[in-house]
Amino acid sequence: MSGYARRGVHGQTVEAIAHRVLGGRIGEGDTLDLGALQAELGVSLTVLRESLKVLAAKGMVDARQKRGTFVRPRSDWHFLDADVLRWQFESAEGPEAGAGNPLLRDLGEVRGIVEPAAVRLAAQRRTDDDLAALDTALDAMTRASVVGDEAVDADLAFHGALLAASHNEMLERMEMVIATGLAFRDRLVHASGHRPQDPVPSHGAVLDAVRARDADAAESTMRALLQQSARDLEEIHRAGGG
C-alpha cells in the first residue's frame, strides 16, 4: 500500500504519468510526446522509459514501431491492480472526488458480494492464529480514535484478516482490491467531518460469530456492517461532501 510515490524519482515519474492518463490530460489512444514529458517532469530518458514499462505492465500504455508509445483503451487497463485503483481515486476531480465517486459504488457492490461469502468460510475454517490476528486488529480499532490514520489501518487489518481466515487463496487475493478502496473510503469519511458510528461493536459482532463458528450469524453481521458503511457515504453525499 506504500505506492510508487515513496520510491524515489522513478516512482514519482510513474505516478505523474499515471495521473495524467487517469485524469484525462493524456487520453485513450493518444501518443505520448516523450521529449515533452521528459522536459516537463525533469527526468532522464532512461527514468522515463523505465517508468513507462511499469505502466505497460499494468495495461495502461503500449509501444509500436512508427506509432511510438500510446495510451491503451481503458478496457485494457488492469483495474484490479492496487496502484491503478489508487491512482483512479487520487485523479478524480469534481463530484467524482468525493462520496459520489462511482468507484466507491462499485467497491460497495464488490464488498457486498465478496465479504459476506468470505466471512461464512472464515466461520467454518478459522484457526486460533486467525482469531489472534482478528483480536489484534479489533484491539487496535478499540485504541484508535474513530477518525484518523490509526483507525484506517486497524480497519484494513481487520478486513484483511477476515479474508485470510477464509483460507481461500483467490479470496485472499481480493485484499489489495478491497483495501485500496476501503482506505480511500475511510479517509473520505473522516475528512468530511461526518462522525461515523463507533465501528468496534459491529466489527466485534462479526468476530464473535466467526469465533463461535456460526456462519449464518457471521454473514448477517457482515451485511449489517456493510449497510452501515453505505449509509455513512450516503449521508456525506447528501450533505454535499461529494
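Up top is the structure these notes are about.
Along each chain, residues carry numbers from 1 onward, in the same order as the chain's sequence is written. Given that this is a predicted model, residues contribute local features only at a pLDDT of at least 70 and side-chain atom pairs are listed and counted only at 80 or more, while totals for whole chains, interfaces and linings are drawn from all residues. Side-chain descriptors were evaluated using all non-hydrogen atoms of the structure, hydrogens and water having been removed beforehand.

J.: How should unusual backbone geometry be read in this particular structure?
T.: If you check the backbone angles, H167 has positive phi at about 55 degrees while not being a glycine. In this description a helix means any DSSP run of H or I spanning at least four residues, a strand means any run of E spanning at least two, and both kinds are numbered starting from the N terminus. Residue placement: H167 occurs in the loop between α7 (149-165) and α8 (169-173). Although it is not a glycine, R213 sits at a positive phi angle of roughly 60 degrees. Tracing the backbone shows R213 in the loop between α10 (199-211) and α11 (215-238).

J.: How should the packing of helix α4 (residues 82-91) against helix α9 (residues 175-191) be read in this particular structure?
T.: A pair of packed helices can be characterised by two numbers: the angle between their axes and the separation between those axes. As a rule, the C-alpha atoms of each element are fitted with a line to give its axis, helices using only the stretch in contact, and angles between N-to-C directions run from 0 to 180 degrees. Orientation of α4 relative to α9, taken along the N-to-C sense of each, is 20 degrees, at an axis distance of 9 Å. As judged from the angle between their axes, α4 and α9 are roughly parallel. Relative to α9, α4 is oriented so that their crossing is right-handed. Taking contact as the criterion, the partners of A82, L85, R86 and F89 in α4 are, on α9, M176, V177, T180, G181 and F184. In these notes the angle categories are as follows: under 35 degrees is roughly parallel, over 145 is roughly antiparallel, 65 to 115 is roughly perpendicular, and the rest is oblique. By the definition used in this description, the sense in which the near helix is turned from the far one sets the handedness, with an anticlockwise turn below a right angle giving left-handed and a clockwise turn giving right-handed. Contact definition: two residues touch when any of their heavy atoms are within 4.5 Å.

J.: Sorry if this is basic, but what is going on with the pairing of strand β2 (residues 68-71) here?
T.: When a strand is regular, its side chains alternate between the sheet's two faces. Any two strands between which DSSP finds at least two bridges are classified as paired. For strand β1 (residues 61-64) and β2, the ladder comprises four bridges, and the chain directions are antiparallel. Bridge assignment links V61 to a residue of β2, and that residue is V71. Taking the residues between adjacent antiparallel strands as the criterion, β1 and β2 are bridged by three residues, where K66 takes a positive phi near 75 degrees.

J.: Just to check I follow, could you spell out the packing of aromatic side chains for this structure?
T.: How two aromatic rings sit relative to each other is given by the distance of their centres and the angle of their planes. In this analysis, rings of Phe, Tyr and Trp, with Trp reduced to its six-membered ring, are considered paired at centre separations within 6.5 Å, and the interplanar angle assigns stacked below 30 degrees, edge-to-face beyond 60, and tilted for intermediate values. Applying the stated criterion to the full structure yields two aromatic pairs. Here W77 and F79 contribute two aromatic rings whose centre-to-centre distance is 6.1 Å and whose plane-to-plane angle is 40 degrees, an arrangement assigned as tilted. Between R67 and the ring centre of F70, over which it is positioned, the NZ or CZ distance is 3.7 Å. Placement of a positive charge over a ring is assigned whenever Lys NZ or Arg CZ falls within 6 Å of the ring centre and within 35 degrees of the normal to the ring plane.

J.: Quick question: what am I supposed to make of α9 here?
T.: Take the residue count of a helix, subtract one, and multiply by 1.5 Å to get its expected span. If you check α9, its first and last C-alpha atoms are 23 Å apart, about what 17 residues at 1.5 Å a residue would give, namely 24 Å. Each residue is assigned to one of three classes by its accessible area relative to the maximum for its type, calculated with a 1.4 Å probe on protein chains only: buried under 20%, partly exposed between the two thresholds, exposed over 50%. With 13 of its 17 residues buried, α9 lies for the most part within the structure.

J.: What is the right way to read the pattern of salt bridges from this model?
T.: Opposite charge on two side chains allows them to pair when their charged atoms are near. Just to be clear on terms, a salt bridge is a Lys or Arg side-chain nitrogen sitting within 4 Å of an Asp or Glu carboxyl oxygen. Tallying each qualifying case throughout the model produces 18 salt bridges. Across the pair E219 and R223 runs a salt bridge whose closest N-O atoms are separated by 3.1 Å. Taken together, the positions of E219 and R223, both in helix α11 and four residues apart, correspond to about one turn of that helix. Overall, R223 belongs to the partly exposed group, its relative accessible area being 37%. A single network of salt bridges, built from pairs that share partners, joins E15, K58, D81, D83, R86 and E90.

J.: Sorry, what's going on with the packing of helix α2 (residues 34-41) against helix α3 (residues 45-57) here?
T.: Two numbers describe how α2 lies on α3: the axes approach to 10 Å, and their chain directions differ by 110 degrees. Regarding the angle of α2 to α3, the classification is roughly perpendicular. Across the interface between the two elements, L34, L37 and Q38 of α2 pack against L45, L48 and L52 of α3. Gly falls in the polar group here, along with every residue not listed as nonpolar (Ala, Val, Leu, Ile, Met, Phe, Trp, Tyr, Cys, Pro) or charged (Asp, Glu, Lys, Arg). The class makeup of the residues in the contact of α2 with α3 is five nonpolar, one polar and no charged.

J.: When you look at helix α5 (residues 102-125) in this model, what are you seeing that I'm missing?
T.: Note on helix geometry: an α-helix contains 3.6 residues per turn, so any two residues three or four positions apart are oriented the same way. Between the first and last C-alpha of α5 there are 34 Å, a value that for 24 residues agrees with the 34 Å anticipated at 1.5 Å per step. Two axes enter the definition of the bend at a residue: one is fitted to the seven residues ending there, the other to the seven starting there, and the bend is the angle between them. At R111, α5 is deflected by roughly 30 degrees, the largest bend along its length. The complete set of buried residues in α5 reads L103, L104, L107, R111, V114, E115, P116, A118, V119, L121, A122 and A123. Elements that come into contact with the buried residues of α5 comprise α4, α7, α8, α9, α10 and α11.

J.: Just to check I follow, could you spell out the environment of T69 for this structure?
T.: With respect to the secondary-structure elements, T69 resides in strand β2. T69 gets classed as buried once you look at its relative accessible area, which sits at 13%. Sequence separation between T69 and L32 is 37 residues; the distance between their C-alpha atoms is 5.7 Å. T69 has contacts with D30, T31, L32, L34, L52, V61, D62 and A63, leaving out every residue within four places of it along the chain.

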